[in-house]
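For reference, the chains in residue letters:
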Amino acid sequence: MLVFKILNQFVLPIFLCFVLPVSIVYIIYLSQRIKDDNRTRVLIKAIETGRDIDADRLADALRKPQKSARETLNRRLLFGCIFSLIGVTLMLSGLTSSIIGGSIFADDAVCVPLFFGGISLAIGLSFLVVYFVSRKDLDKEK
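First, a word on scope: everything that follows refers to the structure included in this document. Note that the structure is predicted; figures quoted are calculated from it, not measured.

Rules used in this analysis
Residues numbered from 1 in each chain as written. Predicted model: local features only at pLDDT ≥ 70, side-chain atom pairs only at ≥ 80, totals over all residues. Heavy atoms only, no water. Helix = DSSP H or I, 4+ residues; strand = E, 2+ residues; numbered from the N terminus. Buried < 20%, exposed > 50% of the residue type's maximum accessible area, 1.4 Å probe, protein only. Polar contact = N/O pair within 3.5 Å; in protein donor to acceptor, adjacent residues only side chain to side chain. Contact = heavy atoms within 4.5 Å. Patch = residues over 30% accessible without salt bridge, like charges linked within 9 Å, V, L, I, M, F, W, Y side chains within 5 Å. Areas by Shrake-Rupley, 256 points an atom, 1.4 Å probe, with all protein chains shown as cover. Salt bridge = Lys/Arg side-chain N within 4 Å of Asp/Glu carboxyl O. Lys, Arg positive; Asp, Glu negative; His and termini not counted. Charge placed at Lys NZ, Arg CZ, Asp CG, Glu CD.

1. Considering the environment of Thr 96
- Inspection of the secondary structure assignment puts Thr 96 in helix 3 (residues 69-101).
- On the accessibility criterion, Thr 96 (42% relative accessible area) is partly exposed.
- A polar atom in the side chain of Thr 96 sits 2.6 Å from the backbone oxygen of Leu 92.

Shown next as structure tokens:
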């Protein structure tokens, strides 16, 4: 029983707050690096063969695909909606639990969803503001 208590108090929070995010970032970094290395190997191999290959055209074909302005704009809208929805949901759950519990903002369990909900809502609203401002600029360019 003592082992589970130690795991819950020390090991699990350290794992969730440090090891898991670091390993996710490391895996993403490695996958991007492997993709870049593969593109470089193909380009070098094509140049080494010495055939009639236009190296500039091949380099352009192997370059990372660029997202259009419309794709970036739609991605901002998507992130804005997701973060805003999560923020509103967390804030409503925190307020509902405070009303049902009877004590407003007295328990730590109530403050945590409200805190993270406020942060998530602010991030979502900022994405939406950037979306609407960028959309106006994109419409003016057309």
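2. As for the side chain of Ser 120
- Within the secondary structure layout, Ser 120 lies in helix 4 (residues 108-141).
- Contact partners of Ser 120, with chain neighbours within four places excluded, come to Phe 83, Ser 84, Ile 86 and Gly 87.

3. Some words on a nonpolar patch on the surface
- Where nonpolar side chains cluster on the molecular surface, the patch consists of Leu 12, Ile 14, Phe 15, Leu 16, Phe 18, Val 19, Leu 20, Val 22, Ile 24 and Ile 28 and spans about 890 Å² of accessible area.
- Structurally, the position occupied by Ile 14 is in helix 1 (residues 2-49).

4. Considerations on the environment of Ser 97
- Turning to its location among the elements, Ser 97 is positioned in helix 3.
- Owing to a relative accessible area of 32%, Ser 97 belongs among the partly exposed residues under this scheme.
- Separated by 16 residues in the primary sequence, Ser 97 and Pro 113 have C-alpha atoms spaced 9.7 Å apart.

5. As for a positive patch on the surface
- Together, Arg 70, Arg 135, Lys 136 and Lys 140 give the surface a local cluster of positive charge.
- Judged by relative accessible area, Lys 136 falls into the exposed class, the value being 55%.

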